[in-house]
Amino acid sequence: MKSIKPKAKEKRSAPRYPLVRLAKIQLGQGDPPQYCVVTEISEGGVRINTTGFNVPDEFVLFLSDDGPARDGTYQVIWRRDDEIGAQFVSRSTAQFNAG
């Protein structure tokens, strides 16, 4: 008989919510937005499927405001295969819209 181990204590500061939502990601100043799929959201960040393109360390994400995820600038905090985890930095998108 296998012993069942208890789950590790959750270390995240906000709960995660799985979803499948189409969003737009702007990868750099003057670059046209590309479509991406957000697969998880929380109050402070997102998980995004990045199949087909590379994401810089900082980017702008555009999605609807219904829920904890927000439009704004995000910073990549981890990368795994075709997915990234990114932390919300600010609502500002000016550095990508200028010029």
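Please refer to the structure higher up on the page.
The model shown is predicted, which means the values in this text are computed figures rather than measured ones.

Caption draft 1: The pairing of strand E6 (residues 83–90), seen in detail. Direction of pairing for strand E3 (residues 45–49) relative to E6: antiparallel, over a ladder of five bridges. Paired with Gly-45 across the two strands is Gln-87, which belongs to E6. With seven bridges connecting them, strand E5 (residues 72–80) and E6 associate as antiparallel partners. Its bridge partner lying in E6, Tyr-74 is registered against Phe-88. A loop of two residues connects E5 with E6, the two strands running antiparallel in sequence, and Asp-81 in this loop sits at a positive phi of about 55°.

Caption draft 2: Quick peek at the environment of Thr-39. Turning to its location among the elements, Thr-39 is positioned in strand E2 (residues 34–41). Overall, the relative accessible area of 22% leaves Thr-39 in the partly exposed class. Considering only alpha carbons, one finds Thr-39 and Val-20, 19 residues apart in sequence, at a separation of 4.9 Å. When residues no more than four places from it in sequence are discounted, the contact partners of Thr-39 are Tyr-17, Pro-18, Leu-19, Arg-47, Ile-48 and Glu-83.

Caption draft 3: Seen up close, the pairing of E5. Of the strand pairs in this sheet, strand E4 (residues 58–62) and E5 are connected by four bridges, and their pairing is antiparallel. The residue bridging Glu-58 from the neighbouring strand is Gln-75, located in E5.

Conventions used here
- Residues numbered from 1 in each chain as written.
- Predicted model: local features only at pLDDT ≥ 70, side-chain atom pairs only at ≥ 80, totals over all residues.
- Heavy atoms only, no water.
- Pairing = 2+ DSSP bridges.
- Helix = DSSP H or I, 4+ residues; strand = E, 2+ residues; numbered from the N terminus.
- Buried < 20%, exposed > 50% of the residue type's maximum accessible area, 1.4 Å probe, protein only.
- Contact = heavy atoms within 4.5 Å.

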